[in-house]
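# Structural overview
Residue-level listing of the chains:
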Amino acid sequence: MSDDPRDDDATTRDLPGPDLDDDGDEGFEDPLIAEPPHPINWNLLNADDAEVEWLELNRWVDWLRHTYGLPAAVIPPAWYTHPELLWELSALHLHWLCAYDPEQNGSVPLGWHRDFVDARQRLREWIAASGTKLDHDRPTRQTVWPGEEPADPIEDVPIIDRDAEFVEFVMADVQARRDAEEAFYRTLDPDTGELS
């Protein structure tokens, strides 16, 4: 046993691990993103940044649900398929990163916990509206405005292997972003830099 009192500190011992593939490692000392916390605009991320942000957020959400014992009614397994849950959890993650920054005032974590109560209520409302559950998911229902095409029928999809499905989802998202980037650059004139 070490003489360092930090080795017995529950706050450092219970934080999420840096290695997603290492079962049982619960440390959070080595984030995937080596930069200061900043808001994430998921609409503007390039393919490489999106992959890093997805993995970082997924790791933190997993830590959050285990640390606070959150049920699927607050964080369902397929949260990543629902933009409303993605944006809420991403904002909550940023808030947590800032609240627990070593340069922060000591009372800020209490503010994060107050805001966490509100966020849990919003998450519950969105999850109830979308119908996503522990063992199945479905797209969030969309209201069709007059003149728009009718929405596709909503069907439940079983969740068989959540981690494998998450990886597949992220790979598809990253590839779609990469394809969009390549299509954009193909329209640039290499001599002038203008769109053709």
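Residues numbered from 1 in each chain as written. Predicted model: local features only at pLDDT ≥ 70, side-chain atom pairs only at ≥ 80, totals over all residues. Heavy atoms only, no water.

### Details of the side chain of Ser90
Within the secondary structure, Ser90 is located in helix α3 (residues 83-99). Every residue in contact with Ser90, bar those within four places of it in the chain, is listed here: Ile40, Trp42 and Leu57. (Helix = DSSP H or I, 4+ residues; strand = E, 2+ residues; numbered from the N terminus. Contact = heavy atoms within 4.5 Å.)

### Some words on the side chain of Asp137
One can find Asp137 in strand β1 (residues 136-137). Look at Asp137: it is buried, it has no salt bridge, and the nearest opposite charge is Arg138 at 7.4 Å. Among the polar contacts made by the side chain of Asp137, one reaches the side chain of His82 at a distance of 2.6 Å. (Buried < 20%, exposed > 50% of the residue type's maximum accessible area, 1.4 Å probe, protein only. Lys, Arg positive; Asp, Glu negative; His and termini not counted. Salt bridge = Lys/Arg side-chain N within 4 Å of Asp/Glu carboxyl O. Polar contact = N/O pair within 3.5 Å; in protein donor to acceptor, adjacent residues only side chain to side chain.)

### A closer look at the pattern of salt bridges
What the rule picks out here adds up to seven salt bridges. A salt bridge links Arg178 to Asp48; the nearest nitrogen and oxygen atoms lie 2.7 Å apart. Of the two residues, Arg178 sits in helix α5 (residues 162-186) while Asp48 sits in helix α2 (residues 47-67), which places them 130 residues apart along the sequence. Overall, Arg178 belongs to the partly exposed group, its relative accessible area being 27%.

### Notes on the packing of aromatic side chains
Under the defined criterion, the tally for this structure stands at 17 aromatic pairs. Aromatic pair Trp63 and Tyr68: ring centres 6.4 Å apart, planes at 90°, arrangement edge-to-face. Judged by relative accessible area, which is 6%, Trp63 ranks as buried. Owing to a relative accessible area of 30%, Tyr68 belongs among the partly exposed residues under this scheme. The interplanar angle of 45° and the centroid separation of 6.1 Å between the aromatic rings of Tyr68 and Trp112 together place this pair among those described as tilted. Of the two residues, Tyr68 sits in the loop between α2 and α3 while Trp112 sits in helix α4 (residues 108-130), which places them 44 residues apart along the sequence. Through a chain of ring-to-ring contacts, the aromatic side chains of Trp60, Trp63, Tyr68, Trp96, Tyr100, Trp112 and Phe116 assemble into a single cluster. The ring of Phe116 carries the charged tip of Arg120 above its face, separated from the ring centre by 4.6 Å. (Phe/Tyr/Trp six-rings, centres within 6.5 Å; stacked < 30°, edge-to-face > 60°. Lys NZ or Arg CZ within 6 Å of the ring centre and 35° of its normal.)

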